[in-house]
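Architecture at a glance
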Amino acid sequence: MQVLVWEERFSVGIREFDQHHKILFEMINSLIFAQEDGRDPDIIKNSLEQLRSYTIFHFVAEEAMMKHFEFEGLDEHIAEHETLLQQVVEYQDRIAANDGVTIDEVLNFLAGWLLDHTLGLDQLYGPYLTRFTD
Ligand SMILES: [Fe+2]
């Protein structure tokens with residue numbers, strides 16, 4: 001599976017959130033390497049849980065800033081965040097239940113989601129929020 005490489009087009013214009021996104025890229029890449037190296041499934045499950053925790057931290061920070069500056073796309077943005085978190089929990093449940101879902105499938109989903117979201121909805125708050133933060 002291809003690792004995620006940060007490019008300037010992923011920037012949302014807010015340094016704090018770019019930093020968060022870069023960390024999320026690295027966490028997914030670490031999981032890709034761990035999977036390719038055939039690491040212990042328990043370690044991979046733990047890393048996935050750490051990724052989920054960091055994602056929650058990041059979403060809370062984004063949502064708080066959007067709310068603070070009354071960004072009109074907040075509700076739509078929160079909905080997309082919540083859907084992702086539910087999907088991650090579903091994947092974790094399926095992994096725990098050994099229902100045949102592969103880590104590759106989960107990582108492909110997560111990587112795709114992160115790229116789509118960072119290039120999609122996250123790009124909408126940047127031009128708005130930077131008016132207040134610069
Ligand atoms: Fe977001």
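Above this text you will find the structure in question.
Residues numbered from 1 in each chain as written. Predicted model: local features only at pLDDT ≥ 70, side-chain atom pairs only at ≥ 80, totals over all residues. Heavy atoms only, no water.

Topic: the overall build of the protein chain
Within the protein chain one finds five helices and zero strands. In the protein chain, the order of α-helices and β-strands from amino to carboxyl end is α-α-α-α-α. When the backbone C-alpha atoms are referred to their principal axes, the protein chain occupies close to 45 × 25 × 20 Å. Within the protein chain, residue pairs in contact and separated by at least 24 positions form 74% of the contacts whose partners lie at least 6 positions apart. Total accessible area on the protein chain is roughly 7,700 Å²; 50% of this is exposed by carbon and sulfur atoms. Here the protein chain contributes 9 positive and 26 negative side-chain charges, whose respective centroids are spaced 4 Å apart. (Helix = DSSP H or I, 4+ residues; strand = E, 2+ residues; numbered from the N terminus. Contact = heavy atoms within 4.5 Å. Areas by Shrake-Rupley, 256 points an atom, 1.4 Å probe, with all protein chains shown as cover. Lys, Arg positive; Asp, Glu negative; His and termini not counted. Charge placed at Lys NZ, Arg CZ, Asp CG, Glu CD.)

Observations concerning the environment of Leu 85
As for its placement among the helices and strands, Leu 85 is situated in helix H3 (residues 74-96). Distance in space between the C-alpha atoms of Leu 85 and Asp 40 is 24 Å, their sequence separation being 45 residues. Look past the residues within four positions of Leu 85 in its chain and what remains in contact with it is Arg 52, Thr 55, Ile 56 and Phe 59.

Thoughts on the coordination of the iron ion
Reference values for coordination geometry: four tetrahedral donors around a metal ideally subtend 109.5 degrees, six octahedral donors ideally subtend 90 or 180 degrees. Around the iron ion, the protein contributes the donor atoms Glu 62 (OE), His 77 (NE2), His 81 (NE2), His 117 (NE2) and Asp 122 (OD), at 2.1 to 2.3 Å from the metal centre. Given the relative accessible area of 0%, His 81 is considered buried. Residue class for Asp 122 comes out buried when judged on its relative accessible area of 0%. (Donors = N, O, S within 2.8 Å, 3.2 Å for Na, K, Ca; no water. Buried < 20%, exposed > 50% of the residue type's maximum accessible area, 1.4 Å probe, protein only.)

By themselves, these figures tell us nothing about what the structure is for.
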